Amino acid sequence: MKMKFRTACAALAIAMPLALHPATDDPVAISLRGFDPVAQAQEIKWEQQARAIPDAARIGEFIRKYSSQAHLAGTPQSKQTAEGILAELREAGLDASIERFEALLPLPKTRILEITAPVKVRLKLEEPPIPGDPGSSTGGMVPPFNAYSADGNITAPLVYANYGLPEDYDLLATHGIDVKGKIVIVRYGRSFRGTKPKVAHERGAIGCIIYSDPRDDGFFQGDAYPKGPWRPAAGVQRGSILDLPLYPGDPLSPGWASEAGSKRLSIGEAQTIMEIPVLPISAADAQPLLANLTGPVAPESWRGALPITYHLGPVASDSHGGAAQSTTVHMAVAMDNSTRPLYDVIARIPGSDFPDQWVLDGNHHDAWVHGASDPLSGAAPLMETARTLAALTRSGWKPRRTILLAFWDGEEFGLAGSTEWMEKHADELDHKLIAYLNADSSGKGRLNIGGSHSLEAFAQEITRDVKDPMTGKSLESTLEAGPNHDFRIAPLGSGSDYTPFLQHLGIATLDVRFASEDGGVYHSDYDDFNWFSRFGDPGFVHGRALSQLHVTALMRFADSAVLPFEFGRLAATLRRYTDEIDRLPVQMQKPDLTALRAEIARVQKAAADLNSTYSRSLPSLGEASTDKLAALNQVLFSTERAFIIDPGLPGRPWYRHSIYAPGVYTGYAAKTMPGIREAVEAGKADEARVQAAQVVSAVHALGDRVTEAVRLFGQL
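Residues numbered from 1 in each chain as written. Predicted model: local features only at pLDDT ≥ 70, side-chain atom pairs only at ≥ 80, totals over all residues. Heavy atoms only, no water.

Q: Can you help me understand helix α3 (residues 56-66) in this one?
A: Each turn of an α-helix holds 3.6 residues, which means side chains three or four residues apart point in the same direction. Residues Ala 56, Ile 59, Gly 60, Phe 62, Ile 63 and Tyr 66 constitute the buried set of α3. Each buried residue of α3 lies within a common arc of 160° when the element is viewed along its axis, so the set occupies one face. The backbone nitrogen of Ala 57 lies 3.1 Å from a side-chain oxygen of the residue at the head of α3, namely Asp 55. (Buried < 20%, exposed > 50% of the residue type's maximum accessible area, 1.4 Å probe, protein only. Helix = DSSP H or I, 4+ residues; strand = E, 2+ residues; numbered from the N terminus. Arc of directions from axis to C-beta. Polar contact = N/O pair within 3.5 Å; in protein donor to acceptor, adjacent residues only side chain to side chain.)

In structure tokens:
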């Protein structure tokens, strides 16, 4: 799935370092939060050895091997992929196994789309092979479809609704165009694809067609594939349209793990399956649909790059009061809604001192087709990370905490493998998991980091100590300066496997990867090794740097005496989110956030006290007892849990994090302090006050835990 159109979800809004030293090979010049001077020197030596191990050629070979065939979740090929990964982990000397789950994973049976008036045109709904690209002509490829579409056989007038956002339908209404009883055609972009048919249904449409306009990811952006990286005219973006902002995972087992024999809802009871039929199509198939539309000319911002005049569709009546001419479309969709298996691959490196404190790093292995970019560009570096850590253990390194490495299945359908695994192990994870690291498709673009702001200082440290593959400078030094010369990570919405850990359990999370410049082949037949090796990450050097980043982060989480959480930046971020709510341009009376600001100030003071206590205690940190360190760290990693509220967010209780969530109408992009913000945006004054009180309580609980950490630190 990954976070498509998600610069707001995992972008790094970046800047120059605050008081941290630049990257250097001199251990004396580097400070690592959580390590006393002696332990730090030893850690830096191990890390330097570790960062020399990841190999770009092995990353390329992993991508070539596993993209050689389509491996959609639920198919025998996905099982083969999982078993191949398992064998490689065991060959490296790691303790690894497969955990099997199951989920509703639909496949298409019927896909028909045709114009019936004013002309008759049957659309192709296929992606042809591209000369010179052998991957595009291999067998076993699922045809373009949107998973979790409703079945339907309908004929109705067509209306063009731009990106299918709520405000787009408002504009149509100003032109006298009503979509009730009609089929809408919308373009990919600006929101999660599942939000588009959801909004269409809410506005009364009976079908939804989603197409890729070349202005967004085709020839308008640059040369189309195979000459360049952008989407060819016949390229189609597959993808899940699960109503992800309600809950991820198997639609038939919300809140519990879906395993053989477990309780399951009926399809009619599932809340996340779309209620109208939906089809994805290419620009080539969209052109005759849009070219035959009549009615008002679309506003300039609605016009794509097809060589046509973009019209909106017929208004209710023409200027003489007669019936307006319309383009009529026949659309038929039928799905095979079967339950199919999922195969999560989990490797474990046991901790020596704190075996019941875990850090987990994950990436998915399933793909819509070949998946060279999505997900193998992230899965291959994770395998290099696993090989690196295994090699270190053979050299005598022993992590103090347990490290888990996960290759998830079923992510593309809606984070199925990670969600079901989390739901099965939720109680144990709540007690033991200190942090979750994530990646997904990566590439040769700029570094993107999003996540929990208690880990923002930690994120800056790891970027300081890993070199950019193109310049040889530290990654931190190559990043842009923010408006206030501060280093910021972005909040996370959804669209990748961090969601169940961060937003349901309250596990501190970082999503770390390089920007993937794969807009042109995203979720298409053409996301194969030929495309990726030419355009995605030539030489696979960014994949190597990604492995170095994750290796460094895992080792510091695993080895530090005191976990590297820092709360001053978190408090500053909470204050910024509060200010943003105050500035929302709405007519209603906003909730009074005075109490929230007071609690944030209390956290800020406790964070300053913790930093001072840490500085005083640092020289003797290595003398602290294991029991006292375990108690302190238990409090530190429980701080993110303070943000968890029960019941969860209004109308979607699965999402329990009061600070970060995907927006109801964004899907991928984050809404911060979502309970308050979305209530204010919707004009629900009473709900906004209730949600504000919940956030006040959550931030108060955070302050209590940081204060307790100060007390425990003083006892070391």
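Q: Explain the sheet that holds strand β8 (residues 207-211) to me, please; I cannot follow it from the model alone.
A: Strand pairing in a sheet takes place through backbone hydrogen bonds and is either antiparallel or parallel in direction. The 7 strands lie next to each other as β4-β3-β11-β6-β7-β8-β10, forming an open sheet whose pairing is mixed. If you trace the sheet from one side to the other, it starts and ends with β4 (121-122) and β10 (278-281), each paired once. Here 9 bridges tie strand β3 (residues 107-117) to strand β11 (residues 328-336), and the two strands are oriented antiparallel to one another. Residue pairing across strands places Arg 111 opposite Val 333, the latter belonging to β11. Packed onto the sheet, helix α8 (residues 283-291) meets β3, β6 (152-160), β7 (183-187), β8, β10 and β11 and runs at close to 110° relative to β10. (Pairing = 2+ DSSP bridges. Contact = heavy atoms within 4.5 Å. Axes fitted to C-alpha atoms, helices over the stretch in contact; angles between N-to-C directions.)

Q: Please clarify how empty space enclosed by the protein should be interpreted in this entry.
A: Take a probe with the size of a water molecule and roll it over the atoms, and the empty space left behind shows itself. All chains considered together, the criterion is met by 3 cavities of 30 Å³ or more. Put simply, the largest cavity is a space of about 50 Å³. As for the largest cavity, its lining consists of Asp 361, Gly 362, Asn 363, Gly 378, Pro 381, Leu 382, Thr 385, Ala 439, Leu 546, Ser 547 and His 550. Where the lining of the largest cavity is concerned, the elements lending two or more residues are β13 (354-364), α9 (376-394) and α17 (541-559). Residue contributions to the lining of the largest cavity peak at 4 residues, all from α9. Counted by class, the lining of the largest cavity contains 4 nonpolar, 6 polar and 1 charged residues. (1 Å grid on protein atoms, 1.4 Å probe; cavity = no way out; pocket = protein on both sides within 12 Å on 5 of 7 lines; lining within 4 Å. Points joined across faces, edges and corners; volume = space filled by probe spheres on them. Nonpolar A, V, L, I, M, F, W, Y, C, P; charged D, E, K, R; others polar.)

Q: Please clarify how the packing of helix α18 (residues 568-582) against helix α19 (residues 594-617) should be interpreted in this entry.
A: In a pair of packed helices, the angle between the axes and the distance between the axes together describe the arrangement. The interhelical angle for the contact between α18 and α19, taken along N-to-C directions, is 165°, at an axis separation of 8 Å. Classified by the angle between their axes, α18 and α19 sit roughly antiparallel to one another. Remark: the crossing between α18 and α19 carries left-handed chirality. Counted together, Gly 568, Ala 571, Ala 572, Leu 574, Arg 575, Thr 578, Asp 579 and Asp 582 of α18 and Leu 596, Arg 597, Ile 600, Val 603, Gln 604 and Ala 607 of α19 form the full contact between these two elements. Looking at the contact of α18 with α19 residue by residue, the classes come out as 7 nonpolar, 3 polar and 4 charged. (Parallel < 35°, antiparallel > 145°, perpendicular 65-115°, else oblique. Left-handed = near helix turned anticlockwise from the far one by under 90°.)

Q: Mind showing me how you'd approach the sheet that holds strand β14 (residues 401-408) here?
A: The strand order across the open sheet built from 7 strands is β2-β12-β14-β13-β15-β18-β16, with neighbouring strands paired in mixed fashion. The outermost strands of the open sheet, each flanked by one partner alone, are β2 (95-104) and β16 (447-451). Strand-to-strand twist of the sheet, defined as the mean angle between neighbouring strand axes without regard to direction, takes the value 20°. Packed onto the sheet, α9 meets β12 (339-349), β13 and β14 and runs at close to 150° relative to β14. Contacts between helix α20 (residues 626-637) and the sheet are confined to β13, β14 and β15 (433-438), with β13 contributing the most and set at about 40° to the helix.

Q: Would you explain unusual backbone geometry in this entry?
A: One can expect most non-glycine residues to show negative phi and most peptide bonds to be in trans. Here the residue pair Tyr 225 and Pro 226 is connected by a cis peptide bond, since its omega of 20° sits within 30 degrees of zero. Examined against the element boundaries, Pro 226 turns out to sit in the loop between α7 (214-217) and β9 (239-240). Look at the link from Asp 374 to Pro 375: it is a cis peptide, with omega at 20°. Locating Pro 375 in the fold gives a position in the loop between β13 and α9. A positive phi angle, near 55°, is found at Leu 125, a position not held by glycine. Inspection of the secondary structure assignment puts Leu 125 in the loop between β4 and β5 (146-147). Even without being a glycine, His 523 presents a positive backbone phi close to 60°. As for its placement among the helices and strands, His 523 is situated in the loop between β18 (509-514) and α16 (529-536).

Q: Just checking my understanding: could you explain the side chain of Ser 240 for this structure?
A: With respect to the helices and strands, the residue Ser 240 is situated in strand β9. At a separation of 3.1 Å, a polar atom in the side chain of Ser 240 contacts the main-chain amide nitrogen of Leu 242.

Q: What is the right way to read the packing of aromatic side chains from this model?
A: Within a pair of aromatic rings, the relevant descriptors are the distance that separates the centres and the angle that separates the planes. Scanning the model with the defined rule gives 21 aromatic pairs in all. Measuring from centroid to centroid gives 6.5 Å for Trp 531 and Phe 532, while their planes differ by 40°, and the two rings are tilted. Overall, the relative accessible area of 2% leaves Phe 532 in the buried class. Ring-pair connections join several aromatic residues into one group, and the members of that group are Tyr 225, Tyr 526, Phe 529, Trp 531, Phe 532, Phe 535 and Phe 540. Just above the ring of Trp 256 sits the side chain of Lys 263; from NZ or CZ to the centre is 4.9 Å. (Phe/Tyr/Trp six-rings, centres within 6.5 Å; stacked < 30°, edge-to-face > 60°. Lys NZ or Arg CZ within 6 Å of the ring centre and 35° of its normal.)

Q: Explanation requested: the packing of helix α13 (residues 456-464) against α17 in the structure shown.
A: Where α13 meets α17, the axes come as close as 9 Å, and the angle between the chain directions of the two elements is 130°. As the angle between them shows, α13 and α17 are arranged oblique. Where α13 crosses over α17, the two elements pack in a sense that is right-handed. Residues Phe 458, Glu 461, Ile 462, Thr 463 and Arg 464 of α13 form the contact with α17, whose own contacting residues are Leu 549, Thr 552, Ala 553, Arg 556 and Phe 557. Along the lines of polarity and charge, the residues of the contact of α13 with α17 split into 5 nonpolar, 2 polar and 3 charged.

Q: Can you walk me through the environment of Ile 507 in this structure?
A: Relative to the helices and strands, Ile 507 resides in the loop between α15 (499-505) and β18. On the basis of relative accessibility, which here comes to 0%, the residue Ile 507 falls in the buried class. With residues near it in sequence (within four places) discarded, Ile 507 still touches Leu 429, Leu 433, Ile 434, Ala 435, Tyr 436, Ser 452, Phe 501, Leu 502, Glu 640 and Arg 641.

Q: Just to check I follow, could you spell out the nonpolar core for this structure?
A: For soluble globular proteins, the rule of thumb is that nonpolar side chains tend to be buried together. Leu 89, Leu 113, Tyr 160, Ile 185, Ile 209, Leu 289 and Phe 501 are the most contacted members of the largest nonpolar core, which totals 215 residues. Top element by residues in this core is helix α22 (residues 685-714). It accounts for 12 residues. In this structure, Leu 289 is in contact with Leu 113, Ile 115, Leu 123, Leu 158, Ile 185, Ile 209, Ile 281, Thr 327 and Val 329, ignoring residues within four places of it in sequence. (Core = buried A, V, L, I, M, F, W, Y, C linked by side-chain atoms within 4.5 Å.)

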